[in-house]
Structure formats: structure tokens, C-alpha cells
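Residue-level listing of the chains:
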Amino acid sequence: MVSKYMAEAIATFFLVFIGAGTAIAFPNGILEIALATGLALMVGVYATAHISGGHVNPAVTAGMWVTKRISSREAFIYIISQLIGAVSAGIFLLYVYPAQPANLGATDLAADISLGAGTLVETVLTFLLVFVVFALTADRRAPRSVYGAAIGLTVTASILMAGPLTGAALNPARAFGPAVAAWYWNNHVVYWIGPIIGGIVAGLVYSRFFLKNVRRKR
């Protein structure tokens, strides 16, 4: 079990260090941020899926938990491991950038986006992300060779669309790590409420309507 938790921590560290680090290096470079974050997630998922399932996101873990694919205890430790990895990445970025440019890549809402609108964007995009995760990892009919690329590209597309609006975290850990290191909490609740709701609803929808008559792979 320890290897699972370590895998989640390391993969989340990789995602946050690369994603937030690129946001610091290219504060206005949505394309660069989208590509770097999507590629980092893709590699993290491919590297850890055979060990931990490659969640790399508390919203994914929440979706797996609510559909009983992971126990409550394991889900809790998964999320703690993901947050440890994310905070560690934020601390490393703080060491590299002590002046905290761009708030160390912490996510925030655009000036003209309300709290409700931002939460809706994060909810919808995380729903789509976790739907893809379920389609490719929980459904035995799916092709196994493409799941990491498809998940990473979903995040890339989401950042291209919503990066200028919310930062498109789609992942509480991605928001939490830089927020802790930079102590920047503006609108932070958006990045927990939206993704967790989106992840839970996606898991329930896929399980209820797409896996209903498909025997779960064991």
C-alpha cells in the first residue's frame, strides 16, 4: 500500500511542479501552460497507473470512492498523499523563485468572473476530465494504450478554454500546493467545491449509465 501512496505523491508533485512552474515562466502563455500541464499529467498517469491507478487528483479519487472502487480509508490516504506531493512542489518552486512571481503559479479567477461562474467552469471541466478517466480506466471495453494521452489532452484542452477564466486547475491539489507555498488563497474554495462535485457526479453518471451492464474488470 505504501507504494501506491508514494506513487500518488510523486505523480502529483510532477504535475504541480511542471504545471505551476510553467505558469511562472510563461505567465501569459496559455499554450505553453496547457501543453506542459497536459504532458506532465500524461506522463504521471502512464508512470503510476499500474501502481496506484494514476489518480493524481483528489477529484478523481472522490469519483472512485463514491462508486466504491476504493475504500474510504484508502481514498483519504490517497488525497493526503496527493496534497503532500502538491505542497512539496510548491515549496520547491518557492525555493527556486523566492520573490514569488505570479504567486508561484497559484490559480485565481479572472477579474470579470464571479465565484459562482468560476465554480461552474471548474465543475463542468472536471466532470469531463473524470468522465474520460472512468471511460478509459474503469471500463474494460476501452483501449488501454491511449488512456494517459487522452487524460492529458483533456487537461490541455480545458486549460486552452478556461485558463484565462479560472486557471483551469480541475484538481484541488494543483490549486492547493502553490497556494500554500505562496500563501495565496484568493477564491481558493472554487478549486475544491467545483472539482470535487464534478468528479463525484462524473463517477456516478458513468457507473450508472455506461457500466450498468458491463461486469467490472477484476
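Residues numbered from 1 in each chain as written. Predicted model: local features only at pLDDT ≥ 70, side-chain atom pairs only at ≥ 80, totals over all residues. Heavy atoms only, no water.

The next thing to look at is the environment of Ser-3. Within the secondary structure, Ser-3 sits in helix H1 (residues 2–25). Of the residues examined, Ser-3 reaches a relative accessible area of 47% and is grouped as partly exposed. (Helix = DSSP H or I, 4+ residues; strand = E, 2+ residues; numbered from the N terminus. Buried < 20%, exposed > 50% of the residue type's maximum accessible area, 1.4 Å probe, protein only.)

The first and last C-alpha atoms of helix H4 (residues 72–96) sit 36 Å apart over 25 residues, in line with the 36 Å expected at 1.5 Å per residue. The set of residues buried in H4 consists of Glu-74, Ala-75, Tyr-78, Ser-81, Gln-82, Leu-83, Gly-85, Ala-86, Val-87, Ala-89, Gly-90 and Leu-93. Those residues of H4 that are buried are in contact with H1, helix H2 (30–52), helix H3 (58–66), helix H7 (172–182) and helix H8 (190–209). (Expected span 1.5 Å × (residues − 1). Contact = heavy atoms within 4.5 Å.)

A separate point is the packing of H3 against H4. Where H3 meets H4, the closest approach of the two axes is 9 Å, and the angle between their N-to-C directions is 175°. As far as their axial angle goes, H4 and H3 are roughly antiparallel. On the side of H3, the interface is formed by Pro-58, Thr-61 and Trp-65, while H4 contributes Ser-72, Ala-75, Tyr-78, Ile-79 and Gln-82. Residues of the contact of H3 with H4, tallied by class, amount to five nonpolar, three polar and no charged. (Axes fitted to C-alpha atoms, helices over the stretch in contact; angles between N-to-C directions. Parallel < 35°, antiparallel > 145°, perpendicular 65-115°, else oblique. Nonpolar A, V, L, I, M, F, W, Y, C, P; charged D, E, K, R; others polar.)

Further remarks concern the side chain of Asn-171. Within the secondary structure, Asn-171 sits in the loop between helix H6 (147–166) and H7. Not counting residues up to four positions away in its chain, the partners in contact with Asn-171 are Leu-15, Val-56, Asn-57, Pro-58, Tyr-191 and Pro-195.

One pass over the full model with this rule turns up 13 aromatic pairs. Relative to Tyr-206, the ring of Phe-134 lies with its centre 6.5 Å away and its plane at 45°, an arrangement referred to as tilted. Remark: Tyr-206 occurs in helix H8 and Phe-134 occurs in helix H5 (residues 115–137); sequence separation between them is 72 residues. Accessibility classification places Phe-134 together with Tyr-206 in one group, the buried group. Seen from their ring centres, Phe-176 and Trp-192 are 6.1 Å apart, and the 80° between their planes marks the pair as edge-to-face. Highlighted residues: Phe-176 in helix H7 and Trp-192 in helix H8, separated in sequence by 16 residues. You can call Trp-192 partly exposed: its relative accessible area is 27%. (Phe/Tyr/Trp six-rings, centres within 6.5 Å; stacked < 30°, edge-to-face > 60°.)

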